[in-house]
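This is what each chain is made of:
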Amino acid sequence: MPVLLGLPSHAAGSSLLRDARSGQDDTPSACRSLVAVGNTVYFSSESASMGSELWKSDGSVGGTVLVKDVLPGPGSSTPYTFGELEGSLFFTARGSTQRLELWKTDGTPTGTVRLFTVPDEGDSSEVSITEWARVGGTLFFSAHFIGSQELWKTDGTPAGTVRVKDIVPGDVGSIPSSLTALGSTLYFSARASGGSPPSSGLWKSDGTEAGTVQVWSPPSSGSVIGVDEVGGSLLVQVMSSSSTESSLWKSDGTAAGTVKVVDLPHVVLERAVLGGQLVLWMEEEVWVTDGTAGGTRRLQAVSRDRLRPSMVVVGGQAFFLGSDPSRGLELWTTDGTESGTRPVKDLLPGGNGALGAMTALGGTVYFMGKDTAGAVQLWKTDGTEAGTVKVAELPVERTSSSYSMASAGGRLFFTHEDRLWVSDGTAAGTVRLVSSRPEPRGSNPYRMTRLGGGAIFASHDSENGHTLWKTDGTVAGTVRVKDLRQGSGLLALDSPEPWVVRGDVAFFFASELPVGGWLQRSLWRTDGTEAGTSRLKKLDGFFGEGWPLALVGDTLFLALSDSTRGVELWKTDGTAEGTVLVKDVKPGSGSSQPVQAAALGNRLFFWADDGTHGVELWTSDGTEAGTVLFKEFAPGLASGLGESELRRPLMAVLDGTLYFGARDTAHGLELWKTDGTVEGTVLVKDVNPGSWDSLSRMTAVGGRLYLSLYDEAHGLEPWVSDGTEAGTVRLADVKPGEASGSPLGFTRVGDTVLFLARDTAHGAELWKTDGTPAGTALLADVWPGPDSALRFDSRTGEVALWGVEELGLAFFMGTEASSGQELWVTDGTAAGTRQVEDLVPGEGSSTPSNLVYLGGKLVFAAMDPLVGNEPRVLQWGLTPDTTAPVLTCPASLSSTAPDANGMAVSYNPASATDDRDTPVIEYGQASGSLFPVGTTAVTVTATDSAGNRSSCTFEVTVKTEPTEPAPRPEGFACSSGGPGASAFWILLALLAVACVRRRESPR
C-alpha cells in the first residue's frame, strides 16, 4: 500500500479538461417568501453549485449575496424563515448534521450560527415550525420537534433555545397555535390532553415550565381556534365540536375574566387586527368586531382567497384578495364599515385581476395584478380606484408563477418567475436584480464509466439536454461522441447503472422527443466513436420502458417493452438483429417487470411477476423454453419481493453462490442463497425473527458479503456473512441501541473495506472493517463533531466514494467547515486520510463526483467557480515518486578573453530524464552570461514534480590574449634580460668589430 507523503507525484492540482457549456447566469433565483429585517430582504435562492440556500439583498448588485452555504455543496439546506428578534432572522435548515437545524443570522457569515439540532427521531418530514411571536427579548414558536408539536422559545443563544413545556407527552403534542403577546405574557391555544375528540383551551406562558398553564377551557368540548390582542384585551374564537358554528369570547387573561361576547354563524377562517377592531372572514362573508355584541356585525358577502392569504393593514384600511358573485379575484379593502368594504378596482372584468402578493411601502400598497389576460403587472394603490395605477409591465415567459413581496430600506422587492426584482415605484425603476456573484452554467457531467483505455460520460444542460462524451484524460481527447438527436437524453436518473460495459462496448438507454410526438426510449450501443454509436432498438409505444439487467457471458439481458407487450425479458448480442424477446413472461399487454438480476454460471436469475404467482424468482438460459419460474416464496398472488425493494441492491454473486433477499410466509425480507438448484436454495439466517424485515441492501466486496441489516435491538447496522448462519454476524452497533447507523457504500481499499455510517457524536463519516467486529471502527472524523463529512443520495443510497484497486486507495467527497466539499483520499488509515486539493478555496465547494482512474490520471467532474461543473483531470502516479532525475552536464570548455575583464560564454544545455515527468533544470550561472578570467565551476540541478533532485558540475575556463614580443636580432636563438641587457650585448658586438679593424691596420 502506498505511503502518502504530501502530494503524490503529478498531483500539483487538477486542470480543466473541457468547458463544454460556457456562460453565466447573472440573476439569482428567488424561491419561497421574501422576509424583511431592517433594510435587508432575505430569500431562498437555488443554484447548481450550492443548492437552495439563504441569500440577502439591500437592492443593489453588490448587496445581493449569499448569507451562508449552510449545507456545503450542491445539496439544499432549504431554509425556512419564521421569526425576527433584535435584528436577527431565525430560520430552519437541513444542515451538515443531515438533520433539521435551527439557525439565526444577522446577515453576515460569521453572524449566522446554529442554535439547535433536532434529534434524529421519527419521520423527518414531520419536523416543522408553524407559528411564532415575540415577547420582550424572547421569541416563542410552535415546533414539531422530538416527535411532537409543543411550545419552544429562544433568546438567540444555543443554551436559550429550549422546549418550554411538554404539555401533552407522546407522539402528537399539544399543537400550540395563535401565539399572541399581551404585555409580558404569551397567550396561545393548545390541547390539554391527547383525548378524542381533541379540545384546545386558552393557555399562557411566562417562558418557564411552571409558568406555562391553562387559563380557560371552552364549554361543551369546544376548541379555541384563534387568539388576538385588540385594545389591551384578548379576543378568543371558539369552534363548536358539534356544528360548523363558532363563538367570540373576550378575556383579560384569567378564567374569571373570560366571557362570551356573541355567537357567530360560521367558523372563523381568517382574521386581522385593524386598529381597535378585529376583521373576521367566515365562509363567504367578512365581519368585524370591537369585542362587544353590538359591535360585531357582517360587512359584506365576499370570499377571501385562502390559497393566497396576503393581507396588509395601511392607514386604517385592511387590504385583502377576495371575490364576489360579480367579480373574479381582485384587491379589496375594508375600514371596518359596511360602505368601506369594497373592491379597490376591478382590473380584469370577468376574470382574476389579482395575482396573489402585496405589501406596503410607506402609505402605498403594492400588489401583483393584470388588466389583460396573460399579462403580469406591478400595481400600486392608495385605496381608491383613481389612485390604483399600473407601475410596470413585466415580461412573461411562463404560463404560471408564484409571487412574494416585501419592502425594506425604502425599496420594494418582489419575485416574478423565480427571479428577484426591485422597484422604486416607477416603471423605469422596476428592474430585475442581478447578483455580484454570477453562477457559471457548466455541462454537469455524470455517470462517468471506464471504457477501453478511456471513459465515457453524459452531460446535461437545459439547452442541449443529455449528451454523450468520451475522454482519455487529455484536453484533445475529451470530445463529444455523437449528437444522438436534438433534445434527446440519457436515462441515467432511473437506474443506478446507466451503462453496461461488455469489453470495449457500452450499452445505454436514450430518450427522444420527435417533433410533434411523444417521448420515446431507445437502446443504444457505443464503442466511444461516432461510427460505433448506433441505436439497437426503439421502444414502441408512448413512454416505452427499458433498463439493463445483467451480462451473462457475451449476452446482455434487458427489460424492454414494445407495442404489443409490456416490460418483458429481452436479450442482445450487440446488434440490432440480435436484440430479441426472450419470453413474454406475463402474456399480453401486461408487464412482468423483470428486476434484480444477476448471472450465476451461464444462467440469469431475476425477479418477475407472471400475473399468477406475484413477484417471484425466475431463471433463464436465454431461450423461451429455458426461462422458467425458479422458486415461489410467497404462494398465490403474494410476492417474495416487495415494490419498495425492486430497485435496491439485493442480489450478489460470491464464490459460485447467488445471495439474494426474499420473504416467505414465515419470514420477512431476509438473506437467502442458492447454488442454482431448488434444493440448494436456503435461508441463510433469520436476523429479525418472524415476519419483520431485516435486509436493506448487500454488496460483495473483497471475498465477503457485506450487508445492511436491521434488528429491533440494534437498528440498521453493518453485518458480514460467509454464507452460513454462524458466519453472519453484526460488525458494529455504530449508533448504540435501537437507533440506526445506516451503513452504505461498502468499498475495498487493499485488505480493508470502507463504508459510510453515522452516529450521534460524529455524524456521517468513514468507517473501516477487516471483516471482523474487532476490526470495525471509525476511520476518521473528517468534520469533527456531529457534522457529517460524507454525503449520499437518499434515493439510490449511492455514496461519493470511489475505490481505485490499482492504487490501493479510495477517493471520496469530503466536507468540513473550512474548505467545503472537496476531493479527499485515504489509504485505509487515519494518518493516510487527507484532502487532495482545495479547488474552491475557503468555504466554497468543488463537489467532486464521477471519479474514474485512467492509468496515472484521475478524471472526475467538479465545480469550478469560473466555468461551473465540468470534467477535470488530476495526474496521479501508482506509487510515490522517490527517484531523482538522471542528469547529464555539458562538457567543460575554455575560452580566451580579449582583456582581463572576462567574457560572455555560452555553453551547451544539460540533459535530464525522469521516469514520471519532465524535470525542471536550473543552472548556477546562465549560459551567455559574463564569466571572469580563470576557472568557474557551474552547478546544474534537475528537479521533478515530486521534489526529487539531482546535480552535476562542469567548468568554464577564461584566458587572456598574450603580449606581442619585441623583434629579435638575426643569429640569436633566444634573448634574456631587460632593455639594459640588450644594450650591453649591442655594445659588446661593436667593440669586437673595432678590434678586428685595428688588427688589420699595420699590414
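Residues numbered from 1 in each chain as written. Predicted model: local features only at pLDDT ≥ 70, side-chain atom pairs only at ≥ 80, totals over all residues. Heavy atoms only, no water.

- Per an unreviewed UniProt entry, the protein chain goes by the name HYR domain-containing protein and belongs to Archangium lansingense.

## What about the sheet that holds strand β12 (residues 138-145)?
Thinking step 1. In spatial order, the strands read β11-β12-β13-β14; together these four strands make up an open sheet with antiparallel pairing. Strand pairing shows two members of the sheet lacking a second neighbour, β11 (128-135) and β14 (162-165), which therefore form its edges. Along the sheet, successive strands turn relative to each other by an average axial angle of 35°, direction set aside.
Thinking step 2. By the bridge criterion, three bridges tie strand β13 (residues 148-154) to β14 in an arrangement that is antiparallel. Looking at the pairing, K153 lines up with V162 of β14. (Pairing = 2+ DSSP bridges. Helix = DSSP H or I, 4+ residues; strand = E, 2+ residues; numbered from the N terminus. Axes fitted to C-alpha atoms, helices over the stretch in contact; angles between N-to-C directions.)

## With respect to the side chain of E53
Thinking step 1. With respect to the element layout, E53 can be found in strand β5 (residues 51-57).
Thinking step 2. Of the polar contacts made by the side chain of E53, one reaches the backbone nitrogen of V70; its length is 3.1 Å.
Thinking step 3. Beyond its immediate chain neighbours, meaning those up to four positions away, E53 contacts F43, S44, S45, L66, K68, D69, V70, L71, G75, S76, S77 and P79. (Polar contact = N/O pair within 3.5 Å; in protein donor to acceptor, adjacent residues only side chain to side chain. Contact = heavy atoms within 4.5 Å.)

## Here's the deal with the confidence of the model for the protein chain
Thinking step 1. The share of residues in the protein chain with pLDDT of 70 or more is 89%, and the mean pLDDT across the chain is 87.
Thinking step 2. Here residues 486-496 is a poorly scored stretch, pLDDT under 50, and it has 33 contacts once near neighbours within four places are set aside; other chains count. (pLDDT = per-residue confidence, 0-100.)

## Remarks on the packing of aromatic side chains
Thinking step 1. Summed over the entire model, instances satisfying the criterion amount to 26 aromatic pairs.
Thinking step 2. For the ring pair F367 and W379, a centre distance of 6.4 Å and an interplane angle of 25° mean the geometry is stacked. Of this pair, F367 sits in strand β33 (residues 364-369) while W379 sits in strand β34 (residues 377-381), and the two are twelve residues apart along the sequence. Taken as a pair, F367 and W379 share a single burial class, namely buried.
Thinking step 3. An angle of 15° between the planes, with centres 6.3 Å apart, marks the rings of F508 and W524 as stacked. Of this pair, F508 sits in strand β47 (residues 505-512) while W524 sits in strand β48 (residues 520-526), and the two are 16 residues apart along the sequence. With respect to burial, F508 and W524 carry one shared label: buried.
Thinking step 4. The cationic tip of K631 hangs over the ring face of F633; the distance from NZ or CZ to the ring centre is 5.4 Å.
Thinking step 5. Stacked on the ring of W547, the Lys or Arg R647 has its end atom at 4.3 Å from the ring centre. (Phe/Tyr/Trp six-rings, centres within 6.5 Å; stacked < 30°, edge-to-face > 60°. Buried < 20%, exposed > 50% of the residue type's maximum accessible area, 1.4 Å probe, protein only. Lys NZ or Arg CZ within 6 Å of the ring centre and 35° of its normal.)

## Observations concerning the pattern of salt bridges
Thinking step 1. In the structure shown here, the tally under the stated rule is 21 salt bridges.
Thinking step 2. Notably, a salt bridge pairs R663 with D693, separated by 2.7 Å at the nearest N-O pair. Highlighted residues: R663 in the loop between β59 (657-662) and β60 (670-674) and D693 in the loop between β61 (682-685) and β62 (695-701), separated in sequence by 30 residues.
Thinking step 3. Here R872 and D864 are joined by a salt bridge, their closest N and O atoms 3.3 Å apart. Here R872 matches D864 in class, with each residue buried. (Salt bridge = Lys/Arg side-chain N within 4 Å of Asp/Glu carboxyl O.)

## Things to note about the sheet that holds strand β55 (residues 603-609)
Thinking step 1. The sheet built from four strands is open, its strands ordered β54-β55-β56-β57 with antiparallel pairing. Each edge of the open sheet carries a strand with a single partner, namely β54 (595-600) and β57 (628-631). Pairwise comparison of adjacent strand axes, ignoring direction, gives a mean angle of 35° for this sheet.
Thinking step 2. Summarising the sheet, strand β56 (residues 615-620) and β57 pair through three bridges and their orientation is antiparallel. Following the sheet pairing, L617 is matched in β57 by K631.

## Considering the side chain of R872
Thinking step 1. Tracing the backbone shows R872 in strand β76 (residues 868-875).
Thinking step 2. Looking at R872, its side chain comes within polar contact range of the side chain of S14, at 2.9 Å.
Thinking step 3. Within polar-contact distance, the side chain of R872 engages the side chain of D864 at 3.3 Å.

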